[in-house]
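Coordinates in review
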There are 2 protein chains.
Amino acid sequence: MAATHTDKAFEQDLRNLREKLLAMGAKVEALVAQSVRALTDRDSALAEKVVGADREVNRLEVDIDDLCRRILALRQPAASDLRLITTALKIVTDLERIGDLAVNIAERAMDLNQVPPLAPYVDTPKLADLAQQQVKKALDAFVSGDAAKAEEVLKGDDLLDALFLKIFNELLAYMMEDSRNIRRATALMFIAKHLERVGDHALNVAEMVIYMVRGKDVRHPKSRELPE
Amino acid sequence: MAATHTDKAFEQDLRNLREKLLAMGAKVEALVAQSVRALTDRDSALAEKVVGADREVNRLEVDIDDLCRRILALRQPAASDLRLITTALKIVTDLERIGDLAVNIAERAMDLNQVPPLAPYVDTPKLADLAQQQVKKALDAFVSGDAAKAEEVLKGDDLLDALFLKIFNELLAYMMEDSRNIRRATALMFIAKHLERVGDHALNVAEMVIYMVRGKDVRHPKSRELPE
């Protein structure tokens, strides 16, 4: 979008911003993967590491926010460049919240690692992979200003919701079957919900990217259901 | 913060922005209250209304985002004014997500209204009230640039978490007691979790306000636990 921009320093700022956002995205994706691995491998030391990484993610958010404000103050961008920066300010918050979700998953994993596993966690890592792919794709759509790729994220969300529902129903069955499963199944339900929410953040980012590129609001499933 | 500002048109823009944010805040607070009333009064028509109001909330978000961009483009604010606008851009997203949570609660209420109630929902409306108060206080802190009031929101979150835990454990007990309670108790757990998340959004807003006013980052409980 800023491809036609001539100001070299400004170009450098935008490159810098894109790089920082991608780096933060990669960081929170890794935390999500690690938090789920802490569960599946019963590795509470890894869970501790995820919890400890929260501060670093917060620093990245503050860092990117400040960069956005600096660009706004020094370059006073207009039109599509302004939309890029203001969108980045919102996206960074979604990325930080994904980090928070990884921390919550890691904390629940630590509890679950204290007791025998309820069942092989086959679908939970699958759900985590799906959610991470969505985050990655949404961020790529942002840095490349690619609305079509962002549309793919919107479509991908159905897959994620379906897998969450499958896990949810399996856990419900475990609860019904034996009340001794209820505590663990409830914890696993919240972990699955957290992973679905990671996907929701990717969805939010994708919707903002489409709005940024096309100026057309597709934010939130509800609005997508209606003819625009 | 912008009190010393001389530019009348700019002052009007900021007043306009604050009013729109407060109006959107009042709107999503009302939706949260209605979504819980739809559950406690078994009023699915009210739940439908909440679901239908989602589009209006999305419009408010787009409207406020556009106003922020217009202010940035036309007034090119600096320093504290710039921080005010960029914070508003983030806050509006939190408000919109609160609206989404109200919709999710309303949808679950519709399901629960099809079956006999599990138990009197005494604490759930209490949790909703607490969450709404937190949202209102956080927004007031923003429009008045009052970091001390924002600090109160941070403190208030513990109360909210405690009440959520109480509800959670009660529902767990219902599940253990009779497997026929599990489906309904699980739905009520997610409703309580949604209300806790409304409070988390208020917390996020409050943390952003403190950062806006003091330039000191207190975002996220984790960072608060550590000496600054």
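What counts, and where the lines are drawn
- Residues numbered from 1 in each chain as written.
- Chains lettered and ligands numbered in written order.
- Predicted model: local features only at pLDDT ≥ 70, side-chain atom pairs only at ≥ 80, totals over all residues.
- Heavy atoms only, no water.
- Contact = heavy atoms within 4.5 Å.
- Buried area = accessible area lost by both parts, 1.4 Å probe.
- Salt bridge = Lys/Arg side-chain N within 4 Å of Asp/Glu carboxyl O.
- Polar contact = N/O pair within 3.5 Å; in protein donor to acceptor, adjacent residues only side chain to side chain.
- Axes fitted to C-alpha atoms, helices over the stretch in contact; angles between N-to-C directions.
- Helix = DSSP H or I, 4+ residues; strand = E, 2+ residues; numbered from the N terminus.
- Parallel < 35°, antiparallel > 145°, perpendicular 65-115°, else oblique.
- Left-handed = near helix turned anticlockwise from the far one by under 90°.
- Nonpolar A, V, L, I, M, F, W, Y, C, P; charged D, E, K, R; others polar.
- UniProt positions renumbered as here; feature names shortened; annotations may be inferred.
- Phe/Tyr/Trp six-rings, centres within 6.5 Å; stacked < 30°, edge-to-face > 60°.
- Buried < 20%, exposed > 50% of the residue type's maximum accessible area, 1.4 Å probe, protein only.

Below, the discussion takes up the interface of chain B and chain A. Tallying the contact residues gives 50 residues for chain B and 50 residues for chain A. Summed over both partners, the interface of chain B with chain A buries about 4,400 Å², with 59% contributed by carbon and sulfur atoms. Along the contact surface separating chain B from chain A lie four salt bridges. Between B:Lys90 and A:Asp65 there is a salt bridge whose closest N-O contact spans 3.0 Å. Joining chain B to chain A, the criterion identifies 12 residue pairs in polar contact (both at pLDDT 80 or more).

Our focus in this paragraph is the packing of helix 4 (residues 79-112) of chain A against helix 4 (residues 79-112) of chain B. The N-to-C vectors of helix 4 of chain A and helix 4 of chain B enclose an angle of 50°; their axes lie 9 Å apart at closest approach. The angle between helix 4 of chain A and helix 4 of chain B places the two elements in the oblique class. Relative to helix 4 of chain B, the crossing made by helix 4 of chain A is right-handed. The segment helix 4 of chain A lies against helix 4 of chain B, with A:Thr86, A:Leu89, A:Lys90, A:Val92, A:Thr93, A:Asp94 and A:Arg97 engaging B:Thr86, B:Leu89, B:Lys90, B:Val92, B:Thr93, B:Asp94 and B:Arg97. Classifying every residue of the contact of helix 4 of chain A with helix 4 of chain B by side-chain character gives four nonpolar, four polar and six charged.

A separate point is the UniProt feature "domain: PhoU" (unreviewed entry) in chain A. All names here are of chain A. As recorded in UniProt, the sites labelled "domain: PhoU" (unreviewed entry) are residues 22-108 and 126-209. The span residues 22-108 is 92% helical and 0% strand by assignment, and the distance between its end C-alpha atoms comes to 27 Å. Across residues 126-209, helical content stands at 92% and strand content at 0%; the span's end C-alpha atoms are separated by 26 Å.

As a further point, take the packing of aromatic side chains. This structure, assessed with the given rule, holds five aromatic pairs over all chains. Plain terms: the ring middles of A:Phe190 and B:Phe190 are 5.4 Å apart, the flat faces sit at 50° to each other, and that makes the pair tilted. On the criterion of chain membership, the pair formed by A:Phe190 in helix 7 (residues 182-214) and B:Phe190 in helix 7 (residues 182-214) is interchain, its members lying in two chains. Accessibility classification places A:Phe190 together with B:Phe190 in one group, the buried group. Relative to B:Phe168, the ring of B:Phe164 has its centre 6.0 Å away and its plane inclined at 35°; by these criteria the two rings are tilted. Remark: B:Phe168 and B:Phe164 occur in helix 6 (residues 147-177); sequence separation between them is four residues, near one turn of the helix. The two residues B:Phe164 and B:Phe168 agree in class, both being buried. Three or more aromatic residues joined by ring pairs form one cluster here, namely A:Phe164, A:Phe168, A:Phe190, B:Phe164, B:Phe168 and B:Phe190.

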